[in-house]
Amino acid sequence: MAHNNRQATAPACDPQYFPVVTGADLLNDPRSNKGTGFTERERDELKLRGLLPPRVFTLEQQAARIMENYRRQPTDLDKYIFLGALQDRNETLFYRTVLDHVEEMVPIIYTPTVGEACKKFAHIFRRARGLYVTAKDAGRVEELLRNWPERDVAVIVVTDGERILGLGDLGANGMGIPIGKLALYSVCAGVPPERCLPIMLDVGTGNEDFRRDPLYLGTAEPRITGPAYDTLVEEFVQATQTVFPKAIIQFEDFANRNAIPLLKKYRDRVCCFNDDIQGTAAVALAGVYAAVKIQRKQLVDQTFLFLGAGSAATGIADLLVAAMRADGLPEQEARRRCWLVDSTGLVVHGRDRLASHKLPYAHDHAFAADFLSSVQTIKPTAIIGVSGQAKTFTREVLEAMASINDTPIVFALSNPTSKAECTAEEAYRWTNGTAVFAGGSPFAPVTVGGRTFVPGQGNNVYIFPGVGLGVMGSGAKRVTEKMFLAAARALADKVDDDHLAEGRIYPPLSDIRDVSVAVAASVARVADHGGELQGLPERELESRLRSLMYVPSYVMK
Ligand code: NAD
């Protein structure tokens, strides 16, 4: 029985609440360790006397020491390493500190710093976290999953490392992504850390630099593809259903040639979703809902032009179409409001060898070879960058958007910051302060023409943790499009008039737990077979979900 740091108070001497491990073993167990936070009585009862400096500290005092050390770290990567070490040492203190400094620390434990950390993962590696399933494990994946020490897993985040953020194939180094995302599930939506499982499907890597790196931690061979790959993924998915039947599977950072077919194959078979496709779509739709309020227009008044035609672009376009249909527009008309530009140019009907996911958006229109001429001919109200190509929203593009629209919507969503299609500063300056802007990574406020704008971050963290909590709370068996539509609406409703006045189209990250509860409630409400939660009045539903949330605090004895 593990020590339970989830209870604020515990009956004295009740063995249920206290660890079976004692002494030095207890200090080495991050889930139970309180470090200098162990009380006098605990030090006696748990054979800790003498193993710690004599003074007892509260969690808040410990967190103050952490912050002093954290802020002394010279680079963001050092901060990432520092927080990882804390997570490995004292989980409660890690989550308490991150939760209390969420705006400051989310960009460290997740994008943009996690991108840098993944590139260097093999060199900054300290201690294993999560599970690694390799091609050599084919035939015994279930046995391997049973090695995980927890049974009651609620969320699995799995990647094969082939498209990490906008950084390409990072192979097994991509493990930083499931680890970071699951930390955010616990921070942002209170999914208990012991119910979170990061998994790397290590099927090799196309990254030759990594394959040559003597410290590379993964399989230093080319990726397996085709039937061998599909069979391994199938075995993995089936094994999760047997070993962790309550878990929701989040597919993360797969290349689009696998991401799109895998989602199609599994979305109706198991409880799963793809965050790059569906989470991104919901966060983008929420941003659009808020942006059209600033424009004083409607969703159905918009024409969207995407730079990029991969998983994120078509995922967002599909959800925009679903949202416009919900607003009464026929499907074909809704699709005609979404246009894609890929590396060849404008996606139009009749173009050679278009991938199937682009076909619904290949409209009858003359071809345009680049993004600027596409803007000039399509005259969009909104441009959405999901190309992974930096600086592609040029001054000419942004000036064209400002000449076509009073209030152009400009979302430069490619991550990390170095890949953004434009910066917030460029978006505001080159549209004379008329743009409604969101980035994929955080940007500082910008002053243009005497007005200060607070750029939104279209961060999936507003959506996926709440979706996880909503599924966990309702016991939903599938993750549906209706859930993402509802989640987007719930997120947009958290943006108030004061936020909009600053140009802010997402709520502050400091409100993230409230946002996640609202998202979770909206998800539970529309879940198929969502159980008893569905019938509850809103406040009761939210308070039931809150009661499931992990709160990082110490049990005091
Ligand atoms: P993807 O590989 O599926 O798609 C990339 C697309 O960009 C492809 O269609 C490709 O043809 C196109 N492209 C490449 N070079 C281009 C160019 N020069 N001009 C026009 N198009 C070009 O990747 P994805 O999953 O769709 O992700 C794309 C980007 O979006 C990544 O940088 C990722 O970090 C970012 N993203 C951001 C968020 C977010 O901020 N919330 C979420 C998901 C993805």
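Shown above is the structure to which this text applies.
All of these numbers come straight from a predicted model, not from anything done at the bench.

The environment of the ligand is formed by 24 residues, the closest being R163, N256, A312, G458 and N460. With respect to the ligand, the side chain of N460 contributes an N or O atom lying 2.5 Å from a nitrogen atom. For the ligand, whose accessible area on its own is 850 Å², the fraction buried by protein is 84%. For the shell around the ligand, the per-class residue count stands at 7 nonpolar, 15 polar and 2 charged.

Reading across from one edge, β1-β3-β2-β4-β5 is the order of the 5 strands in this open sheet, with parallel pairing throughout. Here the strands that pair on one side only, and so sit at the sheet edges, are β1 (131-134) and β5 (272-274). Adjacent strand axes in the sheet meet at a mean angle of 25° when their direction is disregarded. As defined by bridge partners, strand β2 (residues 155-159) adjoins strand β4 (residues 248-251) across 4 bridges and the pair is classed as parallel. Bridged to V158 within β4 is F251.

Let us now look at the environment of A486. Considering the arrangement of structural elements, one finds A486 in helix α21 (residues 481-492). By relative accessible area, A486 is classed as buried at 17%. Placed 173 residues apart in sequence, A486 and A313 show a C-alpha to C-alpha distance of 20 Å. Ignoring sequence-local partners within four residues, the contact set of A486 consists of S522 and V526.

This part takes up helix α14 (residues 275-295). Look at α14: 28 Å from first C-alpha to last across 21 residues, which is about the 30 Å you get at 1.5 Å a residue. In terms of residue burial, α14 counts as a mostly covered element, since 19 of its 21 residues are buried. Taking the backbone nitrogen of D276 as reference, a side-chain oxygen 2.8 Å away marks N274 as the first, capping residue of α14.

A cluster of acidic residues, E103, D496, D497, D498 and D511, forms a negative patch at the surface. Position of D497 among the secondary structure elements: in helix α22 (residues 497-501).

Pairs can form between side chains of opposite charge whenever their charged atoms are close. Tallied over the entire structure, the rule returns 41 salt bridges. Of the charged contacts, one joins E142 and R146 as a salt bridge, the two residues approaching to 2.8 Å between their closest N and O atoms. Among the ionic pairs, D528 bridges to K482, the shortest N-O distance being 3.1 Å. Of this pair, D528 sits in the loop between α23 (512-526) and α24 (538-547) while K482 is found in helix α21, placing the two residues 46 residues apart along the sequence. What makes K482 partly exposed here is its relative accessible area of 45%. If you follow the salt bridges from partner to partner, you end up with D318, R325, E331 and R335 in one network.

Parameters and conventions
- Residues numbered from 1 in each chain as written.
- Predicted model: local features only at pLDDT ≥ 70, side-chain atom pairs only at ≥ 80, totals over all residues.
- Heavy atoms only, no water.
- Near = heavy atom within 4 Å.
- Polar contact = N/O pair within 3.5 Å; in protein donor to acceptor, adjacent residues only side chain to side chain.
- Areas by Shrake-Rupley, 256 points an atom, 1.4 Å probe, with all protein chains shown as cover.
- Nonpolar A, V, L, I, M, F, W, Y, C, P; charged D, E, K, R; others polar.
- Pairing = 2+ DSSP bridges.
- Helix = DSSP H or I, 4+ residues; strand = E, 2+ residues; numbered from the N terminus.
- Axes fitted to C-alpha atoms, helices over the stretch in contact; angles between N-to-C directions.
- Buried < 20%, exposed > 50% of the residue type's maximum accessible area, 1.4 Å probe, protein only.
- Contact = heavy atoms within 4.5 Å.
- Expected span 1.5 Å × (residues − 1).
- Patch = residues over 30% accessible without salt bridge, like charges linked within 9 Å, V, L, I, M, F, W, Y side chains within 5 Å.
- Salt bridge = Lys/Arg side-chain N within 4 Å of Asp/Glu carboxyl O.
- Lys, Arg positive; Asp, Glu negative; His and termini not counted.
- Charge placed at Lys NZ, Arg CZ, Asp CG, Glu CD.

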